[in-house]
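# Notes for the structure review
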Number of protein chains: 4
Amino acid sequence: MPVRARDLGLAWGKRPTGPRNAITDVPGVLVGHRTLRKGDSIRTGVTAILPHGDNLFHGKVPAAVHVLNGFGKSIGLVQVEELGELETPILLTNTFSVAACAETLIRRAFTEEPRIGRETSTVNPVVMECNDGFLNDIQALAVTPADAAAAIGAAGEEFASGAVGAGTGMSCYGLKGGIGTASRRLKFDGTRFHLGALVLANFGRAGELRLPDGRQVPASASEDTPERGSVIVVIATDVPLESRQLRRVATRAGAGIAWTGSSWGHGSGDIFLAFSTAQRLPHDPSAHILPRQSLAEARLDRLFEAAAEATAEAVIDAMAAAETTTGFQGHRRQGLREII
Amino acid sequence: MPVRARDLGLAWGKRPTGPRNAITDVPGVLVGHRTLRKGDSIRTGVTAILPHGDNLFHGKVPAAVHVLNGFGKSIGLVQVEELGELETPILLTNTFSVAACAETLIRRAFTEEPRIGRETSTVNPVVMECNDGFLNDIQALAVTPADAAAAIGAAGEEFASGAVGAGTGMSCYGLKGGIGTASRRLKFDGTRFHLGALVLANFGRAGELRLPDGRQVPASASEDTPERGSVIVVIATDVPLESRQLRRVATRAGAGIAWTGSSWGHGSGDIFLAFSTAQRLPHDPSAHILPRQSLAEARLDRLFEAAAEATAEAVIDAMAAAETTTGFQGHRRQGLREII
Amino acid sequence: MPVRARDLGLAWGKRPTGPRNAITDVPGVLVGHRTLRKGDSIRTGVTAILPHGDNLFHGKVPAAVHVLNGFGKSIGLVQVEELGELETPILLTNTFSVAACAETLIRRAFTEEPRIGRETSTVNPVVMECNDGFLNDIQALAVTPADAAAAIGAAGEEFASGAVGAGTGMSCYGLKGGIGTASRRLKFDGTRFHLGALVLANFGRAGELRLPDGRQVPASASEDTPERGSVIVVIATDVPLESRQLRRVATRAGAGIAWTGSSWGHGSGDIFLAFSTAQRLPHDPSAHILPRQSLAEARLDRLFEAAAEATAEAVIDAMAAAETTTGFQGHRRQGLREII
Amino acid sequence: MPVRARDLGLAWGKRPTGPRNAITDVPGVLVGHRTLRKGDSIRTGVTAILPHGDNLFHGKVPAAVHVLNGFGKSIGLVQVEELGELETPILLTNTFSVAACAETLIRRAFTEEPRIGRETSTVNPVVMECNDGFLNDIQALAVTPADAAAAIGAAGEEFASGAVGAGTGMSCYGLKGGIGTASRRLKFDGTRFHLGALVLANFGRAGELRLPDGRQVPASASEDTPERGSVIVVIATDVPLESRQLRRVATRAGAGIAWTGSSWGHGSGDIFLAFSTAQRLPHDPSAHILPRQSLAEARLDRLFEAAAEATAEAVIDAMAAAETTTGFQGHRRQGLREII
């Protein structure tokens, strides 16, 4: 069991959490990892987030993207912005393994719908990334399409945080980063809902980290390198939202990132994607005009707070779980627990 | 009765029109003008478009904006982009009369809801503009808040096109421009719908105009001035669309503008706003989660064609109706009918 | 002399400040206020920021905008985004006085260039706003064009912070808000530069405020109203930047706002504008291809930190200076100094 | 020698062309193809556009993107939008071969700079695509990284148009599409410049095509399928432009596309990228503040016209050159020359 942020007394905000305090508190959402640790130099992997376990090409979900700082090499965001929907799992990996992961999503979609690219439209793979080149030999392009498939295959409601999956080789505030998660509980019209965040934390300069209790974590060493990281935040909710509203929710991940001390460095690809599981969008709808639901706009404030809180806590959660790691060229990142 | 584009045999596209071939074919939409012609130099006015005749602050409509070229001084677009809704009439006027028109929209909203800015949120006036400074003494700031109120007060299903309202002093392709309109009929799930466009046409260089039959209209004189015009397109439909979809529809006004010969000049504020009357968004909803409808995404193609066709035809419609006009400093713009 | 944030020991970040710790540390930048306090209910005003004291229409400056949350009614942003330049002073005021301020900027430009809208292009007034309707009778539309002119006329290097100018009636985190400022010193290629921020602080819910030392300021009362505020941040620098770079700098104001505790509420118009005074863009350039300078992209990190630090400190600066104010309908906002 | 649009009397606009009437009229720009025709079903390939033949990672060029309709699966656009620069060749290919092409660009960059992802930042591969699944067995993923490398290796000033490279299996207006090009000559400050366009034309419904002389080309058959194509336009110029200006130029490709009859279909990924070769941006600049040049903004009008003209003509150029092609499942697209 990974150590969680709350095990260290590091909770962010006052809203109640879901039962797992994880993105999988949103019913149906699944997360899986494929972790690659080989020899002295491979410290990387893939993390898969599935909005649901069914056929995604035929049960698309509303989605939106906010690019806070576009120093990044993702694939798939242009179409999410235009159509406001997601039709594959989301894969997270290192910067140079986007291609291998995209290939897996494309081939997997062929099995969901053999007409793709022929009698019907093509499929839009979504892969986002951070640069783990400090701890991982990133030029080795170690991730294969089979690794991406393994991450999807491993997806479940329980998943590890810390130096696992795409987070295996990541760094955060000069310390060991990785995968973290958190969730918040909400109530609308008397019904219980959840919002969950999953963060691939690989950003921030040493000495900038600020904990929820106000403490600033000093740099452990002469960590004066410019930021060449990134941070990816995936937000899931079962509240019915249209894609314009999801974009507004995704934007608030930036507040959560800032709360942890960052001023959003130049060299960081800070990209946030939000989706709602409340409604599925059929690929071949049976009618032209479709019933939908959406939250009254002014009620978004609660989701904004939940998104910022869950994002900030998920960053700390990644660092709480991540063990000190040594990798490529003997580079080393300390785990947060060693110094606080 | 104004001369219409189709009276001159100038129809664009093959889709059938609505009964009036006007934006007011969309049920509930109303248009009104206030035309100012004073002495030798005032040739300007205001045109009002109302999504419906009821209280707009309490019955907002989904809306979206596409800024094709932002050399323009509108007010209200930022909030439409964020919230995806319209809560006042849309006013069109000359560049320096935006302030007078905005004041009228604000004061009018106070009567719709006295709590505005106090116990509830403020109101977002939407005013768009073109520069009529060739025919009109634009520095005179001739439009008053009362003129703006008069345009709203005059709104009805029947309205004039040509050199009226905000179009009184406008120029287009070196000829007389103004207000034009067109509509297209659509069918979804066996039900009839409409899409209508209203254009404030004040763009294009002499010699660039291309008619639907392929004819290119030569420059009538040494009209070599750089483009300092603009074009505003308002698109209405009763098809249920969310604001992201409306933005996609609004974008296609740009194709219609290009069909008439333009390459979208640097000095032109080319701004398009689309709204849907199918659903009203209450200011104080009685529940948190609200039922909505939206068109299946792939069906948008028909609306895209309708929007491009109606926009292109509305440009020609404005020119077909507009009489030759002489104004400020003796400047003169010929009506299209004089030269074709 | 207003009380400054640093007088209370509330500095943000480690970068050195400029000599005044104000936006006017950027050479040439001028700020002026017009404060309206009349009877029991008028608590409003205008604040003017001038990039330089010369003819702005003929000496435009590179500029850019970031709309973090577009629940706002500014004028002029569309053209700044398209052309990347500013050609009037920036005026800040209350939501319903944008029109009066815009009129003043337009008329003032006619005196700078009588050909405007006639032989040359029109002018783009930039006015941004927040809702001061809690302390001010905002429906009175108390600001006149003459008030806007007075704010411009009062512009100088020394200016007050707190409940003055546009900040007179503003609220922040349930306490008294207003105008605040801060600056940071930078060095590039051995030369000294500055970045300064001016904030119109009118955002945040009671109980959310976080001070630079990590303290959280509790709500002083049952301040449970939804956020209907806004925050405007203007950033000036004499570092040569192109407008794309200025947009990146402006974006970091959002980090500064988040540092003070906000999750960027739904009902808040959070709009940031940045300009550079390093180069002037002539309206009628004498050549087609013009020499320019810009900062090497990777050096922006220092400006990002400076922008976030100066913004966060300017928020606290506004609250440090603002006195407890009573206004419309007896509403009252406490000054920060009364409770910390 | 391919048949060119002008060989058929199909020129667009009045501006003079460059000597080749091709994108390679911009000095330094190189284009190469790798064409895959295998058996009955593989009709695809790769086209490479190099801004110059030197080390691109160390000699980046200013660039910008305009996404007219984001139904597309490109990689690399997010970073171009943020940083305004291009640091690899541009590769065009079919929708599902983006990953293979991206891998080649990444590995090629390692040889340009071995520190990538380690001691310096990562590299941003730019690959854009259209769906050739009507004529090509797109699910075969036939393009390999070696094919992508071959396209780059083949780059030169002379290159074929029509059904070659990425255009091998593309369709346009129900006829055979492919690669087309055109250029326009410009003069600023007495110096000669060029703007060139290269189009991957795979869009439009049968019956919509409009030729420059106004003729409408009827559908050759019952081509009633919805648009599932795309169009990619790459614009090069040696006029010095900053990335904001390049974005404005790229936008005008949309006018050129509309001139040929399209209303920009829902299912089409219409993406335009423009770059300027006038200045190179070093990866490791020797100073913080760098000299730059840019065109006076109002002079952009000539580039806008040139971009629209060259784009429209390049579409016709692709169709003029493309031979009738039979491919996957016996599908067949006629060449334009067979029917006009």
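What you see as residue numbers is a count from 1 along each chain, following the sequence as written. For this description, chains carry letters from A and ligands carry numbers from 1, given in the order in which they are written. Local features are withheld for residues below a pLDDT of 70 in this predicted model, meaning they are given only at 70 or higher, and side-chain atom pairs are given and counted only at 80 or more; totals for whole chains, interfaces and linings count all residues. Based on all heavy atoms of the structure, the side-chain values leave hydrogens and waters out of the count.

## Observations regarding the overall build of chain A
The number of helices and strands found in chain A is 6 helices and 15 strands. It is over C-alpha atoms that the radius of gyration is taken, and the globule rule equals 2.2 Å times the number of residues to the power 0.38. On C-alpha atoms alone, chain A measures out to a radius of gyration of 19 Å, which is about the 20 Å that the 2.2 N^0.38 rule sets for 340 residues. Projecting the C-alpha coordinates of chain A onto the three principal axes gives extents of approximately 60 × 45 × 35 Å. A 1.4 Å probe rolled over the protein chains alone gives each residue an accessible area, and that area as a share of the maximum for its type sets the label: buried under 20%, exposed over 50%, partly exposed in between. Taken over 340 residues, chain A has a buried fraction of 73%. Here, residues are in contact when the closest pair of their heavy atoms is within 4.5 Å. When contacts within chain A are restricted to residue pairs at least 6 apart in sequence, long-range pairs at least 24 apart make up 79% of them. With an accessible surface of roughly 9,300 Å², chain A has 48% of that area assigned to carbon and sulfur atoms. Positive charges come from Lys and Arg alone, negative charges from Asp and Glu alone, with His and the N- and C-terminal ends not counted. Just so you know, the charge point we use is NZ for Lys, CZ for Arg, CG for Asp and CD for Glu. Taking the average place of the 35 positive charges on the side chains of chain A and the average place of its 36 negative ones, the gap between the two points comes to 3 Å. Here a helix means four or more residues in a row that DSSP labels H or I, a strand means two or more in a row labelled E, and each is numbered from the N terminus. Computed with the Shrake-Rupley method and a 1.4 Å probe, the accessible areas treat only the protein chains shown as cover for residues.

## Focus: the pairing of strand 12 (residues 269-276) of chain A
All names here are of chain A. The buried fraction of strand 12 amounts to 8 of the 8 residues, a majority that puts the element mostly inside the structure. We treat two strands as partners when DSSP finds at least two bridges between them. Pairing of strand 3 (residues 61-70) with strand 12, which is carried by 7 bridges, proceeds in the antiparallel orientation. Counterpart to Gly70 in the pairing with strand 12 is Gly269. In this structure, strand 11 (residues 230-237) lies alongside strand 12, joined through 8 bridges in parallel fashion. Paired with Ile232 across the bridge in strand 12 is Ile271.

## A look at the relation of the copies chain D and chain A
One chain copy maps onto the other through a rotation about an axis and a shift parallel to that axis. C-alpha atoms of residues with pLDDT of at least 70 in both copies form the basis for the least-squares superposition of the copies. Relative to chain A, chain D is turned by 180 degrees and slid 0.0 Å along the rotation axis, the superposed coordinates differing by an RMSD of 0.0 Å. Expressed as a symmetry operation, the mapping of one chain copy onto the other fits a two-fold axis. Minimal C-alpha distance to the rotation axis in chain D is attained by Ala99(D), lying at 2.1 Å. Of the interface residues in chain D, 100% have counterparts in chain A that sit at the interface too, so the contact is made through matching surfaces.

## A word on the side chain of Thr104(C)
Take Thr104(C): it is sitting in helix 2 (residues 98-112). Not counting chain neighbours up to four residues away, the residues in contact with Thr104(C) comprise Pro145(C), Ala146(C), Ala148(C), Ala149(C) and Ile152(C).

## A closer look at the interface of chain B and chain C
The partner chain C presents 46 residues to the 46 residues of chain B that form the contact. Defined in terms of a 1.4 Å probe, buried area is the accessible area two parts forfeit on being brought together, summed over both. Here chain B meets chain C over a buried area of about 3,800 Å², counting both sides, of which 59% is carbon and sulfur. Note on definitions: salt bridges are taken to be side-chain nitrogens of Lys or Arg within 4 Å of carboxyl oxygens of Asp or Glu. Applying the counting rule to chain B against chain C returns 2 salt bridges. As a salt-bridge pair, Arg118(C) and Asp137(B) come within 2.2 Å of each other at their nearest N and O atoms. Polar contacts, as used here, are pairs of N or O atoms within 3.5 Å; protein pairs need one atom able to donate a hydrogen and one able to accept it. Residues neighboring in sequence count only if both atoms are side-chain atoms. Scanning the region where chain B abuts chain C turns up 16 residue pairs in polar contact (both at pLDDT 80 or more). Secondary structure elements with two or more residues in the side of chain B that touches chain C: strand 3 (61-70), helix 1 (77-83) and helix 2 (98-112) of chain B.

## Here's the deal with the relation of the copies chain B and chain C
For the pair chain B and chain C, the relating rotation is 180 degrees, the translation along its axis is 0.0 Å, and the fit reaches an RMSD of 0.0 Å. With an isologous cut-off of 70% or more, the 100% of interface residues of chain B that recur at the interface of chain C puts this contact in the isologous class.

## With respect to the interface of chain D and chain A
The partner chain A presents 46 residues to the 46 residues of chain D that form the contact. Of the roughly 3,800 Å² buried between chain D and chain A on both sides combined, carbon and sulfur atoms contribute 59%. Sorting the residues of chain D by area buried against chain A places Phe96(D), Arg118(D) and Gln139(D) first, and these three jointly supply 19% of that buried surface. Our count for the chain D to chain A interface comes out at 16 residue pairs in polar contact (both at pLDDT 80 or more). Secondary-structure elements contributing two or more residues to the side of chain D that touches chain A are strand 3 (61-70), helix 1 (77-83) and helix 2 (98-112) of chain D. Lys, Arg, Asp and Glu make up the charged group, whereas Ala, Val, Leu, Ile, Met, Phe, Trp, Tyr, Cys and Pro make up the nonpolar group; the residues left over, Gly among them, are polar. Among the residues forming the side of chain D that touches chain A, the class breakdown is 20 nonpolar, 17 polar and 9 charged.

## Quick notes on the confidence of the model for chain A
Residue-level pLDDT values for chain A average 96, and 98% of them are 70 or greater. In the predicted assembly, ipTM is 0.97 and pTM is 0.98. pLDDT is defined as a per-residue confidence score from the predictor, taking values between 0 and 100.

## Here we look at helix 3 (residues 145-153) of chain D
Residues and elements named next belong to chain D. Within the sequence span of helix 3, burial applies to Asp147, Ala148, Ala151 and Ile152. Seen from one end, helix 3 has its buried residues packed into an arc of 145 degrees, which puts them on one side. In helix 3, those exposed residues whose orientation departs by more than 90 degrees from the buried face are Ala146 and Gly153. In this structure, the buried side of helix 3 is in contact with strand 1 (30-38), strand 2 (42-50), strand 5 (90-94) and helix 2. The directions from the helix axis to the C-beta atoms are what the arc is built from.

## What about the sheet that holds strand 9 (residues 178-188) of chain B?
Residues and elements named next belong to chain B. Reading across from one edge, 4-3-12-11-10-9 is the order of the 6 strands in this open sheet, with mixed pairing throughout. Single-partner strands in this sheet number two, and they are strand 4 (85-86) and strand 9. Of the strand pairs in this sheet, strand 9 and strand 10 (residues 191-202) are connected by 11 bridges, and their pairing is antiparallel. Note on strand 10: the bridge partner recorded for Arg184 is Leu195.

## Digging into helix 4 (residues 243-251) of chain C
Each full turn of the α-helix corresponds to 3.6 residues, which orients residues three or four apart in the same direction. Of all the 9 residues making up helix 4 of chain C, 8 are buried; the element is thus mostly covered by neighbouring parts of the structure. Here helix 4 of chain C has its buried residues at Ser243(C), Arg244(C), Gln245(C), Leu246(C), Arg248(C), Val249(C), Ala250(C) and Thr251(C).

## Details of the packing of aromatic side chains
How two aromatic rings sit relative to each other is set out by the distance from centre to centre and by the angle between their planes. Only rings of Phe, Tyr and Trp enter the pairing, Trp through its six-membered ring, and a pair is recorded when the two centres are within 6.5 Å. The plane angle decides the type: under 30 degrees is stacked, over 60 is edge-to-face, the rest tilted. Counting across every chain of the model gives 18 aromatic pairs over all chains. Note on Tyr173(B) and Phe203(B): the rings are 5.1 Å apart at their centroids and 65 degrees apart in plane angle, and the pair reads as edge-to-face. Pair noted here: Tyr173(B) is in the loop between strand 7 (171-172) and strand 8 (175-176) and Phe203(B) is in the loop between strand 10 and strand 11 (230-237), with a separation of 30 residues, a long-range link. Using a relative accessible area of 3% as the deciding quantity, one classes Tyr173(B) as buried. Residues Trp12(D) and Trp259(D) carry aromatic rings whose centres are separated by 6.4 Å and whose planes lie at 20 degrees to one another, so their mutual orientation is stacked. In this pair, Trp12(D) sits in the segment before strand 1 while Trp259(D) sits in helix 5 (residues 253-259), placing the two residues 247 residues apart along the sequence. Lysine NZ or arginine CZ positioned within 6 Å of the ring centre and within 35 degrees of the ring normal marks a charge as sitting over the ring. Between the NZ or CZ atom of Arg333(B) and the centre of the ring of Phe134(B), over which it lies, the distance is 3.7 Å.

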